[in-house]
Each structure stands twice: as structure tokens, then as C-alpha cells.
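Single-letter residue listing:
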Amino acid sequence: MSTFETDNELVKRIRNGDEALLRKLYKVYAAEFKGYMIKRFNCDRQEVLALYQDAFSVMWQNIHEGKLVEPLSSKLQTYVIGIGKILKMRELDKNKRILDESFITELESSFTIASETAGVRIWITKILQKIGEPCASLLQQRYEKGWEFEIIGEEIDIETGTARKRHFDCIRKIRKLIETDPDLNPDLYL
Amino acid sequence: MNENKNYLLDEDYELIELYLAQNPDVEVVNRVETRMNVDPDFEQAVLLQKKLLDGFAALRYKPYKEKVASWGDPMQGSVLQLYGRYAVAASIVLAIGIFGTWYYSRVQYSDTALAQKYFTAGEVLSWSSGATMSAQQQGSSEAGLDAFQKGNYPDAIELLKNVDTTSGFYAEAVFKLGLSHFKVGDYDAAIAGLQSSWDIIRQSDKVPAHLTLVCAYIAAGKSDTEAFQQLIINIPAEATEVYKRKMEEIQAELKHPLRVWVR
């Protein structure tokens, strides 16, 4: 059982949509995050704010999407600071091995780095525009909303197996598009 | 990339999805990574799928980030909140300090407090000297003096105000009538009684009567009057040096800044 019972309760409330709690935590966690980032990385105020908002957003998204679940292996505030560290370290392009805390190692693969997402977002938006319907909606239902094929099938009134086949056909179509359209080359955006 | 990529089956793409999901099964990981090592096209499909998932994760991330950004700068807020808490604490301390000083001044320097302070000191200093006659010494015939001795000042007032001027202890009676008025807080009556009989009183009880009158003036809020100023400088010749210093002390305390504030 986690030793962070209170924080486990916080995660549960956030997952259930308690936005007032999130806003309170956003204020409460800020001072320690700022102190740590300035002391460890000598960040300026604007940079700390950007990192904090990114880290807090990732924490929220991870809870909402079930990537951060109870029992926690660290306090929630430590988790946010841990994300901030990773963001900063990736930005500095330093050896990540100096981040020796085990929970941070676990964290690293659990989220997309906000400062790196602008390009990815542009790329995926272009893909969806090019591929058009019904693939765009199908992929968004599958990857943005996280729906199972059964739900997608019910939504567009087709068999589950058909939804599954259409979905993978769309993936194949994307591969072809990338191959034929230089503007969709992911290396231009990532 | 080449045409071979199209040989990948739905099952292959499904396997890639499982591999890239949160906490993939060990068997899935082994299968995918083994195949990636021997099948470049499969590896390319895995990498592309990872990019697609990252792209959609970025799309999902956007509303969270926008919402959090709309909450503003909590760093600034936290500093203000910290200062705010200090400001509230300082205000409370300041308020307690002001109230405490006011209360202390009120207790120490109000007209009544000042009069009571010197009146009480005067009781010890002066009229314990035995200069006056007691009711017992007069055979307990005068009930008013007896009531005064017992501390029953309302009865003493009623009885002493009717004492016959021909009585042998009339002087003591009018003096103790003044004291009784003072004791019950009727300072104006004490002043009027003592002043109207001043010539009689001063024959036997000059110093204690003077002190009583001074204190009655202060308690009645009449320390600014000309009569009081005359009284406090015309100290009876019989007064001791200690008594004279007390009068100077009273004059100094009447001018104290805290007394001026609480008045």
C-alpha cells in the first residue's frame, strides 16, 4: 500500500473531474517547484512558469488518461517536480542518467514533452487534413478519445470487425501519404 | 520505404498498438522487438505508429495546457499570498499593540484611575495618622460616623449630611461626608461639600482634606479648571515633603501624553 494516502485521494478526485482541487494544487505546488528549478537549473522566472505549466498539464493529462494511478510511489508534488526536471533535462540535452530517482525513470516514457509537441501537433493536424474523412474521424476516435473498436462500430453503425479493418487501412493510407507527399515527412516537424 | 510495407497485416498493426500501449505484456514486447531486429519495414511501421500516437497525445495535451495556462501565474500569486499572510499577521500584532497601549493608558491615566491611585495612596499616607476622632471615641453616638467606619457609605451620607453644626465633631463629620461622596463616585458632591466647609475642615484635617479635594477634582474631570490649579499650588503648610512631592507628581501625570490620548 502506498505511503501517500492523501495524495492517492487527490489523484482519485482529479480523475473524477475536481477542477477546483486542481486549481488549488496549481497554486500550492508552485512555490516549491519554482524554488527547486531556480536552485537546480538557475532558470529565470518566465522559464520556470512555462516548465511548471507544462509539468502540471502533463500530470493532469496522465491522471485523466489513467497513466498515473494509485497507489502512488511518490507524492504528487514530487511527481510534478520530476516531470519538470525531465523537461528541463531534455531541453538541455544532458545525460538523463543523472536523474537517478526510480520514479522519474518510470515517468520518462509516460508522457509527451509539451515543449516538443508543437511540431508534432502541426504534423498530425496536416496528416488528418490530407487523409480526410472517414479516416480522420476514425483515427481521432481511436487515438484521441481512446475508444475501443466496438464503440467506434456502434458510433458509425458498422460491425466491430469492419471498424477494426477500416482503422488499419487508414494507417496504411497514412504510410502511403507520407511516402508520396514530402510536406508530410515527420522529420520536418519532430 | 518500399512496396513491401503493404504486406503488413491488420494483426501486425494490432500487435504494434499493443506494444505501444501503457504497460505492454512482456510477450508482446519480446515478439515486437525480435521482429524489429529482423524486419526493417516492420520496424519502420512501429516508429511511424509511435509518431502518430505522440501526435495524438499532443492533440490531447493541448486542452490541458490551455486550461492550465488560463489559470495565470501562480508564482506571482504565491509570493503575494506569502506577503499577504505576513501583512495580516503584522496587522493583528499592530492592532493588539494599539489596543493594549490604549487599554493600559486607560487603566493608568484616566481621570478616575489617576484620582483613585492618589486617593488610595493618600488614605495610607494621611488619614491613618489618627488626626480625626473616631465614632467609637465619641461613644458611638453618631451613627453616621459609625456607618462610615463600617464602609457603609450611602448610609453614612444620609446620616452625616444632617449632623448638627454645634456637634463637637462637626468638622470630622463634614470631612467624612466628603470622603463618603468620593467613595460612592459622586465627585461633584464631594467637591461641593468639602469646599463649602473648607474653613471648618482645615482646622483639624487640612492635609487629608486637601488630598481628597484634589482627587475629587481629577475624578470629576475638572483638573483643567482654575479652581483646581489654585488648589494644587496652595498646599497646606502642615504638609510633609513627601506630600508636596506627591502633588508635583500628580501635576506631572496630568500632563502625560498617554493621559492626553485616552482623554
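Preceding this section is the structure that the text describes.
Residues numbered from 1 in each chain as written. Chains lettered and ligands numbered in written order. Predicted model: local features only at pLDDT ≥ 70, side-chain atom pairs only at ≥ 80, totals over all residues. Heavy atoms only, no water.

Asker: What exactly am I supposed to notice about the interface of chain A and chain B here?
Answerer: Interface size is commonly expressed as the accessible area that is lost once the parts come together. On the side of chain B, 43 residues touch chain A, which itself brings 53 residues to the contact. Overall, the association of chain A and chain B removes approximately 4,700 Å² of surface from exposure, summing both partners, and the carbon and sulfur fraction of that is 62%. The largest per-residue losses of area from chain A upon contact with chain B belong to Tyr143(A), Arg172(A) and Arg175(A), which jointly make up 18% of the total buried on that side. Inspection of the region where chain A meets chain B yields eight salt bridges. Looking at the side of chain A that touches chain B, the elements with two or more residues in it are α2 (19–28), α3 (30–41), α4 (45–64), α7 (117–131), α8 (135–144) and α10 (160–180) of chain A. (Contact = heavy atoms within 4.5 Å. Buried area = accessible area lost by both parts, 1.4 Å probe. Salt bridge = Lys/Arg side-chain N within 4 Å of Asp/Glu carboxyl O. Helix = DSSP H or I, 4+ residues; strand = E, 2+ residues; numbered from the N terminus.)

Asker: Help me understand the pattern of salt bridges in this model?
Answerer: Should their charged atoms come close, side chains of opposite charge can pair. For the structure shown, the criterion picks out 24 salt bridges over all chains. Glu17(B) is the salt-bridge partner of Arg142(A), the closest N and O atoms lying 2.5 Å from each other. A residue pair is termed interchain when its members come from two chains, as with Arg142(A) in helix α8 and Glu17(B) in helix α1 (residues 10–20). We note a salt bridge from Lys150(B) to Asp146(B), for which the minimum N-O separation is 3.1 Å. The exposure class assigned to Lys150(B) is exposed, which follows from its relative accessible area of 64%. Taken together, the shared-partner salt bridges connect Lys165(A), Asp169(A), Arg172(A) and Asp10(B) into one network. (Buried < 20%, exposed > 50% of the residue type's maximum accessible area, 1.4 Å probe, protein only.)

Asker: Is there a simple way to think about the packing of aromatic side chains in this case?
Answerer: The geometry of two aromatic rings is summed up by the distance between their centres and the angle between their planes. Within this structure, the stated rule accounts for 14 aromatic pairs over all chains. Geometrically, the ring pair formed by Tyr26(A) and Trp71(B) is edge-to-face, given 5.3 Å between the ring centres and 65° between the ring planes. Of this pair, Tyr26(A) sits in helix α2 while Trp71(B) sits in the loop between α3 (40–70) and α4 (74–109), which puts the two residues in different chains. Accessibility expressed as a relative area gives 2% for Tyr26(A), which makes it buried. Take Trp71(B): its relative accessible area is 11%, and that puts it in the buried class. Both rings, one in Tyr52(A) and one in Phe56(A), keep their centres 5.9 Å apart while their planes meet at 50°; by these two values the pair is tilted. With a gap of four residues between them, Tyr52(A) and Phe56(A) both fall in helix α4, about one helical turn apart. Aromatic rings pair up to connect Tyr26(A), Phe33(A), Tyr52(A), Phe56(A), Trp60(A), Tyr64(B) and Trp71(B) into one cluster. (Phe/Tyr/Trp six-rings, centres within 6.5 Å; stacked < 30°, edge-to-face > 60°.)

Asker: Quick question: what am I supposed to make of the nonpolar core here?
Answerer: General note: in soluble globular proteins, nonpolar side chains tend to be found buried as a group. Judged by nonpolar contacts, the single largest core of 44 residues is most densely connected at Phe182(B), Val214(B), Ile218(B) and Ile250(B). In this view, Ile218(B) contacts Asp111(B), Leu114(B), Ala115(B), Ser223(B), Phe228(B), Ile250(B) and Leu254(B); residues no more than four positions away in its chain are not counted. One finds Ile127(A), Leu138(A), Ile16(B) and Met36(B) within the second-largest nonpolar core, a separate group that totals 38 residues. (Core = buried A, V, L, I, M, F, W, Y, C linked by side-chain atoms within 4.5 Å.)

These values are about where atoms sit, not about what they do.
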